[in-house]
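Now for the letters of each chain:
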Amino acid sequence: MSLRNHRLSLPQIQSAYELIRAPFKHSPQYVVPGLSKHLGVELVAKIEALNPIRSFKARGAEILAARASSDEKIICASAGNFGQAVAYSCSARNIQCTIYASKHANKLKVKMMRAFGAQVILAGEDFDEAKVHAKAEAGRVGARFVEDGLDIETLEGAGSIGLELLELDRPLDVLLIPLGNGALASGIARVVKEKNPTTKVIVVQAQGASAMVASLRTQSYIENEAVNTICDGIAVRTPVKQSLIDLAPLIDDTLLVSDDTTIKAMQIIHQEMGLVCEPSGAVGISALLDDLSRFQGQRVGTILCGGNVTPQQMKMWQNV
């Protein structure tokens, strides 16, 4: 599939950008001197954790809620960040929403979903099981089921990050993007590949939740029987088929990283940038740590896409 035939276009993204409220736009993006020196690259970080929900997910949720009718009922599944985003954006517009999350979901994220006004139902052993329950309930009650990575608003929201990356003083050589269900990578890469086609787009996934990468590498559909990673925000066991189609013409490579290296990445981000980054947001730095020689001397960008970490996790991963 060529870019011309891609279901997401730049005019779509540019139009949708206007629907995103100010707290979720123009997130910081800058060269990080300390990390650049440590890693041997010119590292450009795009920080998507300094907003009311501490995640990039609100960009797509803002577009979704802005287009919804006031009497519409929305149901979705989430590992936590997308649910917070939908809850926050729907609450601001008096739209009813219900979020399904795993029985083992991050407790802080569940607490915040409820605080932002959503009804939260815990069902299933993981995110993908929760999604099955959510879809069934939406069908039963006649609500709109929103699927992150499938509904175009989620891609348009991520694409708005790509528009902001175009404002950098010069293009990136490499862009490392966390890969979960594919919305973040598809949206950003759609913009970058059209405007800066020489930038290599590499998606990064956790070794313990590798279904999307395995599917992309083999050009087939591969599900995992289970996931085993601290990167809950990208712990996808069952890929979104449309996401594989969306990503195929946009990415140059795929990488898998270990949880151990991701913890090191989180610690370095905290030490060098003073930021709390959740595991899913740190996998781009983790990829650099895994293979420093590959990226030496290059201008490398990554998205620190979330910062929701519980106090217990801070003690465990950051020793604080």
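See the structure shown above.
About the cut-offs
Residues numbered from 1 in each chain as written. Predicted model: local features only at pLDDT ≥ 70, side-chain atom pairs only at ≥ 80, totals over all residues. Heavy atoms only, no water. Helix = DSSP H or I, 4+ residues; strand = E, 2+ residues; numbered from the N terminus. Rg over C-alpha atoms; globule rule 2.2 N^0.38 Å. Buried < 20%, exposed > 50% of the residue type's maximum accessible area, 1.4 Å probe, protein only. Areas by Shrake-Rupley, 256 points an atom, 1.4 Å probe, with all protein chains shown as cover. Polar contact = N/O pair within 3.5 Å; in protein donor to acceptor, adjacent residues only side chain to side chain. Contact = heavy atoms within 4.5 Å. Pairing = 2+ DSSP bridges. Axes fitted to C-alpha atoms, helices over the stretch in contact; angles between N-to-C directions. Parallel < 35°, antiparallel > 145°, perpendicular 65-115°, else oblique. Nonpolar A, V, L, I, M, F, W, Y, C, P; charged D, E, K, R; others polar. Core = buried A, V, L, I, M, F, W, Y, C linked by side-chain atoms within 4.5 Å. Left-handed = near helix turned anticlockwise from the far one by under 90°.

Trainee: Would you take a moment to explain the overall build of the protein for this structure?
Mentor: Helix and strand counts for the protein stand at 14 helices and ten strands. Relative to its length of 320 residues, the protein is compact, with a C-alpha radius of gyration of 18 Å against a globular reference of 20 Å. Seen through its C-alpha atoms, the protein measures out along the principal axes to roughly 55 × 45 × 40 Å. Put simply, the protein has 320 residues, and 60% of those count as buried. A total of about 12600 Å² of accessible surface is found on the protein, and carbon and sulfur atoms cover 49% of it.

Trainee: Please clarify how the side chain of Asn106 should be interpreted in this entry.
Mentor: Its location among the elements puts Asn106 in the loop between strand E4 (96-101) and helix H5 (107-115). Here Lys109 takes part through its backbone nitrogen, which lies 3.0 Å from a polar atom of the side chain of Asn106. There is a polar contact of 3.4 Å between the side chain of Asn106 and the side chain of Gln313. Not counting residues up to four positions away in its chain, the partners in contact with Asn106 are Asp232, Asn308, Thr310 and Gln313.

Trainee: Help me understand the sheet that holds strand E1 (residues 29-31), please; the structure alone is not making it clear to me.
Mentor: In sheet architecture, strand pairing relies on hydrogen bonds along the backbone and comes in two forms, parallel and antiparallel. Sheet architecture is open: six strands sit in the order E1-E2-E10-E7-E8-E9, paired in mixed fashion. Edge positions in the sheet fall to E1 and strand E9 (253-257), since each of these pairs with one other strand and no more. Averaged over all pairs of adjacent strands, the angle between their axes in this sheet comes to 25 degrees, without regard to strand direction. Across five bridges, the pairing between strand E7 (residues 174-178) and strand E8 (residues 200-206) is parallel. For Ile177, the partnering residue across the bridge sits in E8 and is Val203. Relative to the sheet, helix H8 (residues 183-195) contacts E7, E8 and strand E10 (299-304), its axis offset from that of E7 by approximately 160 degrees.

Trainee: Just checking my understanding: could you explain helix H3 (residues 58-67) for this structure?
Mentor: Along an α-helix, residues three or four apart share an orientation, since each turn contains 3.6 residues. For H3, a buried count of eight out of ten residues is recorded, marking the element as mostly surrounded by other parts of the structure. Looking at H3, one finds that the buried residues are Ala58, Arg59, Gly60, Ala61, Glu62, Ile63, Leu64 and Ala65. Turning to H3, the residues buried within the fold contact helix H1 (10-17), strand E2 (42-47), strand E3 (73-77), helix H4 (81-92), strand E6 (144-146) and helix H7 (152-165).

Trainee: Please explain the sheet that holds E6 as it appears in this structure.
Mentor: Across the sheet, which stays open at both edges, the four strands sit in the order E5-E4-E3-E6 with parallel pairing between neighbours. In this open sheet, the two edge strands, each paired with only one partner strand, are strand E5 (119-122) and E6. Strand-to-strand twist across the sheet, computed as the mean angle between neighbouring axes with direction ignored, equals 25 degrees. The pairing of E3 with E6 spans three bridges and is classified as parallel. Within E6, the residue paired with Ile75 across the bridge is Phe145. Sheet strands touched by H5: E4 and E5. Its angle to E5, the strand with the most contacts, is close to 150 degrees.

Trainee: Teacher, can you tell me more about the packing of helix H11 (residues 259-273) against helix H12 (residues 279-290) here?
Mentor: Between two packed helices, the angle of one axis relative to the other and the distance separating the axes together describe the packing. Their axes nearest at 7 Å, the elements H11 and H12 cross at an angle of 100 degrees. On the basis of their axis angle, the class for H11 and H12 is roughly perpendicular. Here Thr261, Thr262, Lys264, Ala265, Met266, Ile268 and Ile269 of H11 come into contact with H12, specifically with Pro279, Ala282, Val283, Ile285, Ser286, Leu289 and Asp290. In terms of residue class, the contact of H11 with H12 is built from nine nonpolar, three polar and two charged.

Trainee: I'm lost on the nonpolar core in this one. Help?
Mentor: Ranked by size, the top nonpolar core spans 38 residues in total, and within it Ile74, Val86, Cys90, Cys97 and Ile99 carry the most contacts. Broken down by secondary-structure element, the contributors of at least two residues to this core are H1, H3, E3, H4, E4, H5, H7 and H8. Those residues in contact with Cys90, other than ones at most four positions away along the chain, are Ala65, Ile74, Ile95 and Cys97. In this structure, Val32, Leu39, Leu255 and Val257 belong to the second largest nonpolar core, which totals 34 residues.

Trainee: I'm lost on the packing of H7 against H8 in this one. Help?
Mentor: At a minimum axis distance of 7 Å, the contact between H7 and H8 shows a crossing angle of 45 degrees. When the axis of H7 is compared with that of H8, the two are oblique. Once H7 is placed against H8, the crossing between them reads as right-handed. Every residue of H8 that contacts H7 at Thr154, Leu155, Ala158, Gly159, Ile161, Gly162, Leu163 and Leu165 is listed here: Ala183, Leu184, Ser186, Gly187, Ile188 and Val191. Residue composition of the contact of H7 with H8, by class: nine nonpolar, five polar and no charged.

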